[in-house]
Amino acid sequence: MTSMTMGLATPLAGYLLVAALLFAIGLAGALVRRNAILVLIGIELMLNAANLNLIAFWRFGPHPEALTGMMFAIFSIAVAAAEAAVGLGLVISIYRHTNTAELDNIDRMKG
Amino acid sequence: MSPIFYLLAALTLAGGLATVLLKHLVHAALAVTVAFAGLALLFLQLDAQFAGFAQILVYIGAVAILIVFAILLTHGADLPKEGVFSKTWLVGLIIAAGVFAVLGWAVLESVSAIPQQNTMPAVTVRDIGNALLDRYVLPLEIVALLLTAATIGAVIVAMHEKERPK
Amino acid sequence: MAANLDQIFILLRNWLVSFLPAALRPAAGVVLGVIAIVCVFPGFFALTTVFERKGLGRIQNRIGPNRVGPFGLFQPIADGIKALTKEDVVPLSANAAVHFLAPLVMVVAVFMEFAVLPIGRNMVLVDMDAGLLFFFAMGAATELSVFMAGWSSRNKYSLLGAMRAVAQMISYEVVLLLSSVSVVMITGSLSLPKIVAAQDQFTNGFPHWYIFTPWGLAGFLMYAIAATAETNRSPFDLPEGESELVAGYHTEYSGFKFALFFLGEYLAMFSISGLGTTLFLGGWSAPFSFLPWVPSWIWFFGKVMLSIFVFIWLRGTLPRLRQDQLMNFAWKFVLPFTLLNLMVTALWRFMGEGWQRWVVCSVILVAAYVVMGRLEMRREHFGPRSYRYAE
């Protein structure tokens with residue numbers, strides 16, 4: 001237990017906990033909501049939490065001048081934007097075919 | 001840890017929670033924008049200036065607008081009859097709580113082993129530019145190809161299909 | 001003496017701040033700078049409203065407002081009193097929270113843009129290493145407020161106006177960014193004071209402003225087109241054209257909130273003109289080397305006022321572009337030309353000093369402009385007329 005309380009004293013732990021909580025909130029959003037767009041929003045929140053993790057480790061890690069964490073985060077932002085675009089295009093296309101964006105109603109392959 | 005960190009963390013988490021809990025989709029999209037802004041401010045507090053401004057430019061300036069356009073194009077503004085949470089919401093919540101428990105335990109148990117440093121050499125945009133074309137040129141080129149493919153793919157997927165002559 | 005007049009605001013700030021203990025001085029200096037920005041630029045906004053109405057009036061062969069004060073100069077005071085005392089009507093079915101927040105988000109984002117503009121020698125509020133990126137990030141935040149305003153009003157005209165405005169703004173934002181990147185390439189820094197300092201040199205009395213180079217001229221023209229579209233000014237003002245959409249995304253706003261939108265739009269115009277002068281017109285540097293006795297901030301404001309005058313002139317002269325014409329223009333002409341400009345800038349940089357690079361770059365740009373312009377002017381192929389009669 002002492003290592004746990006000692007862990008809380010460092011600023012890095014604070015950022016990592018915030019990132020973990022945000023990740024869990026994003027995951028809950030992706031699993032709990034009906035609408036397809038909210039699932040995509042949940043995924044974006046998860047990616048953002050991972051970015052926060054990367055930047056926090058870059059800042060408090062051993063070699064910040066190597067810029068590894070920052071580069072990884074920048075590429076992650078770019079890839080997340082691309083994935084959001086394609087994902088939302090897919091949702092719009094599904095809406096055109098099935099006239100609904102609720103994931104529970106898209107069950108034509110059921111049974 | 002400074003009070004500013006607590007304020008920004010509270011703002012970000014409040015935005016995230018509001019996104020998941022709000023019934024109206026457009027309100028949820030605006031709440032996630034608040035979460036993105038809070039994260040950008042956290043990046044700025046961590047001395048990652050470029051990442052913070054890129055976050056505002058890309059996420060708030062493009063992804064949030066994309067989400068809002070998609071909500072409008074799929075008529076998401078009308079509330080569904082059966083409610084906004086799916087039938088299996090409890091399982092999802094338990095899974096998310098489990099994931100947070102594991103991550104939190106990992107953070108608290110092991111963080112004392114990482115060397116902490118509080119002074120950092122100033123990172124200029126010039127360093128980032130040099131790194132992008134020096135050590136990270138391969139990811140840069142691949143991301144360029146990926147973005148091109150994503151643009152073309154998104155347009156093809158969302159395009160109106162031509163009416164076939166009957 | 002001339003140097004003192006140039007630095008008079010800095011000296012004034014240092015004198016005012018010296019009354020405070022040393023620990024509070026940096027914060028107090030920044031607060032004084034913020035107060036100065038918040039007082040000066042809305043003052044210019046008031047002056048510009050009169051300037052615009054009288055200018056438009058003269059272009060349209062009529063006199064503008066001339067009742068309130070000499071030459072109508074106190075008109076903004078009358079407008080301000082009207083805006084403040086008008087009843088604030090909010091539609092019953094409107095989303096109250098978002099409806100309230102939209103003008104606030106816009107005005108806050110636009111005011112933040114002024115923090116990185118170098119208004120004079122040593123007169124920048126925050127000298128950020130990535131200043132240009134910060135400016136564009138705040139510009140991106142403005143688009144969200146436009147959408148919030150249009151959607152929360154529960155009015156089809158507002159929503160339509162907001163969607164058109166956002167589509168237009170995101171298309172031209174890419175052009176804005178790319179035309180600034182060519183300046184960044186040549187200067188080697190994203191920091192705005194450094195960009196001005198790089199243009200503050202003279203050869204044979206002629207300044208090193210980037211607009212006097214071939215790529216700079218092309219870049220400035222593309223930047224000006226994109227800036228006109230970003231601030232929804234005519235000829236790109238379909239989102240708020242009165243004959244089209246009542247008032248677009250700010251239809252349902254009245255009184256002070258409408259005044260805030262108006263303020264936000266004009267301040268956005270000022271800040272984008274300020275950035276354009278910083279990037280291409282040399283910021284606060286004088287046009288000729290024998291004019292250093294004129295203070296630097298007078299040059300900056302003079303150039304910004306010149307840009308505003310050109311905006312007003314364009315509004316009074318050119319007809320409005322239709323939405324699909326504007327989007328075609330952006331994606332099919334302006335963006336490819338800006339990409340070509342970027343490559344020509346790189347060519348300029350690597351050809352080294354000499355007259356060859358002037359000739360080569362100018363020829364490439366002019367040829368591309370002519371070819372791309374001709375490609376855009378495809379004549380529609382009209383087939384022979386056919387008639388269908390009712391059977």
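Starting from 1, residues in each chain are numbered consecutively following that chain's sequence as written. For this description, chains carry letters from A and ligands carry numbers from 1, given in the order in which they are written. For a predicted model such as this one, the threshold for reporting local features is a pLDDT of at least 70, and the threshold for listing and counting side-chain atom pairs is 80 or more; totals across whole chains, interfaces and linings nevertheless cover every residue.

(A) Expanded view of the overall build of chain A. Along the backbone of chain A there are 4 helices and 0 strands. The secondary structure listing takes helices from DSSP runs of H or I that are at least 4 residues long and strands from runs of E that are at least 2 residues long, numbered from the N terminus. Listed N to C, the secondary structure of chain A is α-α-α-α in terms of helices and strands. Partly exposed residues are those whose C-beta has more than 12 but fewer than 20 other C-beta atoms within 10 Å; 20 or more makes a residue buried and 12 or fewer makes it exposed, with C-beta atoms placed from the backbone. Looking at chain A as a whole, 55% of its 111 residues are labelled buried. What counts as a contact here is a pair of residues whose C-beta atoms, placed from the backbone, lie within 7 Å. Contacts in chain A between residues at least 24 apart in sequence constitute 50% of all its contacts with a sequence separation of at least 6.

(B) Broad picture of the overall build of chain C. The helix and strand tally for chain C stands at 14 helices and 2 strands. In summary, chain C has a C-alpha radius of gyration of 23 Å against a globular reference of 21 Å for 391 residues, a match within 12%. Residue burial in chain C is summarised as follows: out of 391 residues, 40% are buried. Contacts in chain C between residues at least 24 apart in sequence constitute 76% of all its contacts with a sequence separation of at least 6. Radius of gyration means the value over C-alpha atoms here, while the globule rule gives 2.2 Å times the residue count to the 0.38 power.

(C) View of helix 13 (residues 323-351) of chain C. All names here are of chain C. Given a rise of 1.5 Å per residue, 29 residues ought to cover 42 Å, and the 41 Å separating the end C-alpha atoms of helix 13 matches this to within 8%. Taking the largest bend as the criterion, helix 13 deviates by roughly 35 degrees, centred on A330. Here helix 13 has its buried residues at L326, A330, V334, F337, T338, N341, V344, T345 and W348. Positive phi appears at G352, one or two residues downstream of helix 13, with a value of about 80 degrees. The span one expects for a helix is its residue count, reduced by one, times 1.5 Å. Given a residue, its bend is the angle between the two axes fitted to the seven residues that end at it and to the seven that start from it.

(D) Structural context of the packing of helix 5 (residues 96-113) of chain C against helix 6 (residues 131-152) of chain C. Residues and elements named next belong to chain C. The angle between two axes is taken between their N-to-C directions and runs from 0 to 180 degrees, where each axis is a line fitted to C-alpha atoms and a helix contributes only its stretch in contact. For the pair helix 5 and helix 6, interaxial distance at closest approach is 8 Å and the crossing angle is 165 degrees. In this view, helix 5 runs roughly antiparallel relative to helix 6, as classed from their interaxial angle. Both helix 5 and helix 6 take part in a crossing whose hand is left-handed. Only F135, M138, G139, A141, T142, L144, S145, M148, A149 and S152 of helix 6 make contact with helix 5, whose side of the interface consists of V98, H99, L101, A102, V105, M106, A109, V110, M112 and E113. Any residue that is not Ala, Val, Leu, Ile, Met, Phe, Trp, Tyr, Cys, Pro, Asp, Glu, Lys or Arg is counted as polar, Gly included; the first ten are nonpolar and the last four charged. Classifying every residue of the contact of helix 5 with helix 6 by side-chain character gives 14 nonpolar, 5 polar and 1 charged. What sets the label is the angle itself: under 35 degrees gives roughly parallel, over 145 gives roughly antiparallel, 65 to 115 gives roughly perpendicular, and the rest give oblique. Should the near helix be turned anticlockwise from the far one by less than a right angle, the crossing is left-handed, and should it be turned clockwise, the crossing is right-handed.

(E) Region of interest: the packing of helix 3 (residues 36-60) of chain A against helix 4 (residues 68-98) of chain A. Residue and element names in this part refer to chain A. At a minimum axis separation of 9 Å, helix 3 and helix 4 run at an interaxial angle of 175 degrees. Relative to helix 4, the element helix 3 lies roughly antiparallel. Listed contacts from helix 4 to A36, I37, L40, E44, L47, A50, N51, L54, I55, F57 and W58 of helix 3 are T68, G69, M70, F72, A73, S76, I77, A80, A84, G87, L88 and V91. Tallied by class, residues from the contact of helix 3 with helix 4 come to 17 nonpolar, 5 polar and 1 charged.

(F) Local environment of the interface of chain C and chain B. Taken together, the contact between chain C and chain B spans 16 residues of the former and 15 residues of the latter. For the side of chain C that touches chain B, the secondary-structure elements that each account for two or more residues are helix 6 and helix 7 (156-187) of chain C. Here the side of chain C that touches chain B gets 10 residues from one element, more than from any other, and that element is helix 6 of chain C. Residue composition of the side of chain C that touches chain B, by class: 14 nonpolar, no polar and 2 charged.

(G) Quick look at the nonpolar core. As used here, a nonpolar core is made of buried Ala, Val, Leu, Ile, Met, Phe, Trp, Tyr and Cys residues. They are joined through C-beta atoms within 7 Å. Counting 172 residues, the largest nonpolar core has I37, I55 and M70 of chain A together with A64 and I67 of chain B as the members making the most contacts within it. At 17 residues, helix 3 (residues 49-73) of chain B tops the list of elements feeding residues into this core.

(H) Structural view of the interface of chain B and chain A. On the chain A side, the residues contacting the 73 residues of chain B number 67 residues. Per-element tally for the side of chain B that touches chain A: the top contributor is helix 4 (residues 89-110) of chain B, with 13 residues. Looking at the side of chain B that touches chain A residue by residue, the classes come out as 57 nonpolar, 13 polar and 3 charged.

(I) Representation of the environment of V334 of chain C within the structure. Residues and elements named next belong to chain C. Positionally, V334 belongs in helix 13. Residue V334 is classed as buried on the basis of its 23 C-beta neighbours within 10 Å. Residues V334 and L16 lie 318 residues apart in sequence; the distance between their C-alpha atoms is 48 Å. Here V334 is in contact with V175, M222, I225 and F329, once residues within four sequence places are set aside.

(J) View of the domain arrangement of chain C. Residues and elements named next belong to chain C. Just so you know, the domain bounds were taken from an automatic or database domain assignment. Taken domain by domain, chain C consists of domain 1 (7-85) and domain 2 (93-372). Facing 19 residues of domain 1, the contacting portion of domain 2 comprises 18 residues. A per-element tally of the side of domain 1 that touches domain 2 places helix 3 (residues 25-59) first, with 13 residues.

(K) Up close: helix 3 of chain B. Residues and elements named next belong to chain B. Over its 25 residues, helix 3 extends 35 Å from the first C-alpha to the last, a length consistent with the 36 Å expected when each residue adds 1.5 Å. Of all the bends in helix 3, the greatest measures close to 30 degrees and is centred on Y59. Within helix 3, 21 of the 25 residues are buried, leaving the element largely enclosed by the surrounding structure. Two residues or fewer past helix 3, H75 is found with a positive phi of approximately 50 degrees.

(L) Expanded view of the environment of L88 of chain A. Mapped onto the elements, L88 of chain A comes out in helix 4. Here the alpha-carbon distance between L88 of chain A and P11 of chain A, two residues 77 residues apart in the chain, equals 36 Å.

(M) Focus on the confidence of the model for chain C. Residue and element names in this part refer to chain C. The score called pLDDT rates the predictor's confidence residue by residue, from a low of 0 to a high of 100. Confidence in the prediction of chain C, expressed as mean pLDDT, is 86, and 95% of residues score 70 or more. Least confident of the elements in chain C is helix 10 (residues 242-245), whose mean pLDDT is 56; most confident is helix 9 (residues 214-230), at 93. If you check the scores for this complex, the pTM reads 0.89 and the ipTM reads 0.89.

(N) The confidence of the model for chain A, seen in detail. Of the residues in chain A, 91% reach a pLDDT of 70 or more, and the chain-wide mean stands at 86. Confidence, read as mean pLDDT per element, is least for helix 1 (residues 2-8) of chain A in chain A (49) and greatest for helix 3 of chain A (93).

(O) Molecular detail of unusual backbone geometry. Even without a glycine there, the phi angle at L67 of chain A is positive, about 60 degrees. By secondary structure assignment, the location of L67 of chain A is in the loop between helix 3 and helix 4. Positive phi is not limited to glycine here, since F71 of chain C has a value of about 55 degrees. If you trace the backbone, F71 of chain C turns up in the loop between helix 3 and helix 4 (75-85).

(P) Broad picture of the arrangement of the chains. Looking across the 2 pairs of chains in contact, one finds the most contacts between chains A and B. A minimum C-alpha distance of 14 Å separates chain A and chain C, which share no contact.

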